[in-house]
Amino acid sequence: MKWNLFGWQGLSFPVPEDWNLSKITGDARSGSVRLDDGEIVRVEAEWRDTEGRAPGVTALVDRYVEGLTKKAAKAGRRLEVRRRVRLLPEGSLPDKEWEIFSWRAEGRVYNLAWRCRTCGRIGLVRVFARGSEDIGRYAGQVFGGLEDHPVDGRQLWGVYGMVVRVSEGFRLEEHNLRTGHIRLVFREGNRELAVERVGLADIMLRGRTLKEWFLGFFDKVLRDFEAPSFEGTSFLGHPGVRVFAPPKKLWKRPLFPTLNRVRRSRFLRGCVWHCADMNTIWAITTTSRDQEDLFVEEVVQNVSCHQGQAHQPGGDAQVPSDS
Ligand SMILES: [Zn+2]
Ligand SMILES: [Zn+2]
């Protein structure tokens, strides 16, 4: 089975590739996500920043289990909760205080509750079995690979197999999550970064060069800039183009301000490439007031465009894992 990395608002863990994001709430301070396999819920995770004032994990789990047992009793069911389940080897998640517990609902549910000594987050991840399926091994792999804060100054964002590590200063501003077109927009100060992955590349590029595709797909964005220049190159071992566009000259701007007013006097840089391995097109674009700002190149080096288990930073590791 192929595994992908899932990552959202600083929380990340590995998941089987067909478990995908189906619900998001909240933000970096507190929030939750749900992943399903197309039929049933597979993972639910929630997190909260505590600014250091959280009870210990045992107390958290006590309280949680108590609530759960009461609920079950009201529904006339008896809930058998197993505490301190040994699913992970001793010494796992070394900077976190944690406990794994489980119970049986439709199928078995494994839970990891943790509190992080590094960042102060507390959280709970639940992994659900389908019917009588033995989910322990899966749950162990999900929990064992969990991280809840930036590593080496970068936060892992991973949805639908798209994985990018973005500098921690960048905040998520916008997201569009369709499997055919994923778009994450970040901002740090007055720098804006958009990471986009488009599917069905073979169809998108039928009878068209990458440059032509970019001009069409980014038509709206490009209206705020002078005509872009392109340079053929390669990114992460794939054919690609570098894009640069200066801000539109003042006299060419519309008389009435557009919604994209922010983009004025900004320089656009982009790296676009075709990952044939995954039949996708990647476009990383940045806008900045500084003409020489090349941080787009750095973002590219932190993309994993065609690896299954992509735990290593950098985008050029060759680890196709189909086992
Ligand atoms: Zn942490
Ligand atoms: Zn690739």
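Residues numbered from 1 in each chain as written. Chains lettered and ligands numbered in written order. Predicted model: local features only at pLDDT ≥ 70, side-chain atom pairs only at ≥ 80, totals over all residues. Heavy atoms only, no water.

(A) Representation of the coordination of the zinc ion (ligand 1). Here the zinc ion (ligand 1) is held by Cys116 (SG), Cys119 (SG), Asp148 (OD) and His149 (ND1), and the distances to it run 2.0 to 2.2 Å. Relative to the metal, the 4 donor atoms surrounding the zinc ion (ligand 1) lie at angles of 91 to 121°, and the coordination shape comes out tetrahedral. In the primary structure, the donors to the zinc ion (ligand 1) are separated according to the pattern C-x2-C-x28-D-H. Here Asp148 lies in the loop between helix H2 (136-144) and strand S9 (154-159) and Cys119 lies in the loop between strand S7 (108-116) and strand S8 (121-128), a separation of 29 residues in the sequence. For Cys119, a relative accessible area of 33% puts it in the partly exposed group. (Donors = N, O, S within 2.8 Å, 3.2 Å for Na, K, Ca; no water. Tetrahedral: all angles 85-135°; square planar, octahedral: opposite > 155°, others 65-115°. Helix = DSSP H or I, 4+ residues; strand = E, 2+ residues; numbered from the N terminus. Buried < 20%, exposed > 50% of the residue type's maximum accessible area, 1.4 Å probe, protein only.)

(B) Spotlight on the pairing of strand S2 (residues 11-16). Among the 6 residues of S2, 6 are classified as buried, and the element is accordingly described as predominantly covered. Of the two faces of S2, the one lined by Leu11, Phe13 and Val15 and the one lined by Ser12, Pro14 and Pro16 are each fully buried. Here 6 bridges tie strand S1 (residues 3-8) to S2, and the two strands are oriented antiparallel to one another. Bridged to Gly7 within S2 is Ser12. Between the end of S1 and the start of S2, which pair antiparallel, lie 2 residues, with Gln9 showing a positive phi angle near 50°. (Pairing = 2+ DSSP bridges.)

(C) Quick peek at the sheet that holds strand S17 (residues 280-288). The strand order across the open sheet formed by 7 strands is S11-S12-S13-S17-S16-S15-S14, and the pairing between neighbours is antiparallel. Every other strand in the sheet has two partners, leaving strand S11 (171-178) and strand S14 (229-235) as the edge strands with one partner each. Direction aside, the axes of adjacent strands within the sheet are offset by 15° on average. Alignment of S11 against strand S12 (residues 181-188), held across 7 bridges, turns out to be antiparallel. Residue His175 lies in a different strand from S12, and its bridge partner there is Leu184. Contacts between helix H4 (residues 210-217) and the sheet are confined to S12, strand S13 (191-198), S14, strand S15 (238-245), strand S16 (267-275) and S17, with S16 contributing the most and set at about 125° to the helix. (Axes fitted to C-alpha atoms, helices over the stretch in contact; angles between N-to-C directions. Contact = heavy atoms within 4.5 Å.)

(D) Up close: the coordination of the zinc ion (ligand 2). Looking at the zinc ion (ligand 2), one finds its protein donor set to be His238 (NE2), Cys275 (SG), Cys305 (SG) and His306 (ND1), positioned 1.9 to 2.3 Å from the metal centre. Coordination geometry of the zinc ion (ligand 2): the 4 donor atoms subtend angles of 98 to 124° at the metal centre, consistent with an arrangement described as tetrahedral. Donor residues for the zinc ion (ligand 2) sit on one chain with the sequence pattern H-x36-C-x29-C-H. Highlighted residues: His238 in strand S15 and His306 in the segment after strand S18 (303-304), separated in sequence by 68 residues.

(E) Molecular detail of the domain arrangement of the protein. Examined at the domain level, the protein breaks down into domain 1 (3-144) and domain 2 (154-304). Relative to domain 2, the C-alpha centre of domain 1 lies at a distance of 35 Å. Taken together, the links from domain 1 to domain 2 amount to 0 salt bridges. Joining domain 1 to domain 2, the criterion identifies 2 residue pairs in polar contact (both at pLDDT 80 or more). (Domains from an automatic or database assignment. Salt bridge = Lys/Arg side-chain N within 4 Å of Asp/Glu carboxyl O. Polar contact = N/O pair within 3.5 Å; in protein donor to acceptor, adjacent residues only side chain to side chain.)

(F) Region of the structure containing the pattern of salt bridges. Considering all chains together, one arrives at 28 salt bridges under this definition. A salt bridge links Arg34 to Glu44, with the nearest nitrogen and oxygen atoms 3.1 Å apart. Here the residue Arg34 occupies a position in strand S4 (residues 30-36), and Glu44 occupies one in strand S5 (residues 41-49), the gap between them amounting to 10 residues. Residue Glu44 is classed as buried on the basis of its relative accessible area, which comes to 16%. Across the pair Asp37 and Arg42 runs a salt bridge whose closest N-O atoms are separated by 2.9 Å.

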